[in-house]
Amino acid sequence: MSEIDDLFEVIKQRISEMPEGSYTAEIARKGIGFAARKVGEEAVETVVASLNESKERTVSEACDLIYHLLVLLAIRGINLDEIYVELRRRRK
Ligand SMILES: N=c1c2ncn([C@@H]3O[C@H](COP(=O)(O)OP(=O)(O)OP(=O)(O)O)[C@@H](O)[C@H]3O)c2ncn1[C@@H]1O[C@H](COP(=O)(O)O)[C@@H](O)[C@H]1O
């Protein structure tokens, strides 16, 4: 399994168990609107970093974006398998 698969498993577990101190659980408590807004914010931060900041900052913002996108997918009940199937379908 990749880092992304591993992270997605942890995220799903946090959303199912909702432990205290989990940032993922905090997002889930705030709801899908908050989760979606975070993806938008992190996307903008990634774009800004890619244009104006260092490679390290861009990697860091991209990681924030990937994490928040995975949280949004999990809240929406979408599994990574569905993403992989669609990516495979588009492969040329
Ligand atoms: N990969 C991540 C990850 N990437 C980014 N973040 C958090 O995302 C937030 C993004 O920063 P922001 O400045 O936008 O957020 P903020 O200032 O806290 O403000 P708001 O959320 O209130 O808007 C930070 O608090 C980061 O800690 C992450 N939080 C958790 N994970 C992983 O997710 C898994 C589950 O974590 P918990 O749910 O915390 O147990 C663990 O494996 C973690 O390593």
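Here, every reference points to the structure presented above.
Here the structure is a predicted model, which means the values were calculated and not measured.

(A) Quick peek at the site of the ligand. Around the ligand, the structure places Leu 7, Val 10, Arg 14, Ser 22, Tyr 23, Thr 24, Phe 34, Lys 38, Glu 42, Asp 64, Tyr 67 and His 68. Coverage of the ligand by the protein amounts to 55% of the 840 Å² it exposes when considered alone. Elements with a minimum of two residues in the shell around the ligand: helix 1 (3–17), helix 2 (23–30), helix 3 (32–52) and helix 4 (55–75). Considering only residue class, the shell around the ligand consists of five nonpolar, three polar and four charged.

(B) A look at the nonpolar core. Counting residues in each nonpolar core, the largest one holds 13 residues, and the members touching the most others are Phe 8, Ile 11, Ile 27, Tyr 67, Leu 70, Val 71 and Leu 80. With six residues, helix 4 is the single largest residue contributor to this core.

(C) Fine view of the packing of aromatic side chains. Applying the stated criterion to the full structure yields one aromatic pair. Residue placement shows Lys 30 over the ring face of Phe 34; its charged tip is 4.6 Å from the ring centre.

(D) Up close: unusual backbone geometry. The backbone of Met 18 shows a phi angle near 45°, a positive value even though the residue is not glycine. With respect to the helices, strands and loops of the structure, Met 18 is situated in the loop between helix 1 and helix 2.

(E) Just the environment of Asp 5, in detail. The topology assignment puts Asp 5 in helix 1. Asp 5 gets classed as buried once you look at its relative accessible area, which sits at 16%. In this structure the C-alpha to C-alpha distance between Asp 5 and Leu 80, which are 75 residues apart in sequence, comes to 7.5 Å.

Rules used in this analysis
The numbering scheme is per chain: residues are counted from 1 as the chain's sequence reads. Given that the model is predicted, a residue must reach a pLDDT of at least 70 before its local features are reported, and side-chain atom pairs must reach 80 or more before they are shown or counted; all residues, however, enter totals for whole chains, interfaces and linings. Side-chain measures were taken over the full set of non-hydrogen atoms in the model, leaving aside hydrogen atoms and water. Throughout this document, a residue counts as near a molecule or strand when at least one of its heavy atoms sits within 4 Å of that molecule or strand. Here the Shrake-Rupley method, with its probe set to 1.4 Å, supplies the accessible areas, and only the displayed protein chains count as covering residues. Numbering of helices and strands runs from the N terminus, with a helix taken as a DSSP run of H or I at least four residues long and a strand as a DSSP run of E at least two residues long. Residues are grouped as follows: Ala, Val, Leu, Ile, Met, Phe, Trp, Tyr, Cys and Pro are nonpolar; Asp, Glu, Lys and Arg are charged; all remaining types, including Gly, are polar. Among buried residues, those of type Ala, Val, Leu, Ile, Met, Phe, Trp, Tyr and Cys that are joined through side-chain atoms within 4.5 Å constitute a nonpolar core. Only protein chains enter the accessibility calculation, which uses a 1.4 Å probe; a residue whose area is less than 20% of its type maximum is buried, one above 50% is exposed, and one in between is partly exposed. In this analysis, rings of Phe, Tyr and Trp, with Trp reduced to its six-membered ring, are considered paired at centre separations within 6.5 Å, and the interplanar angle assigns stacked below 30 degrees, edge-to-face beyond 60, and tilted for intermediate values. Ring-over charges, as used throughout, are those where CZ of Arg or NZ of Lys falls within 6 Å of the ring centre and within 35 degrees of the ring normal.

Distances and angles like these do not, on their own, reveal function.
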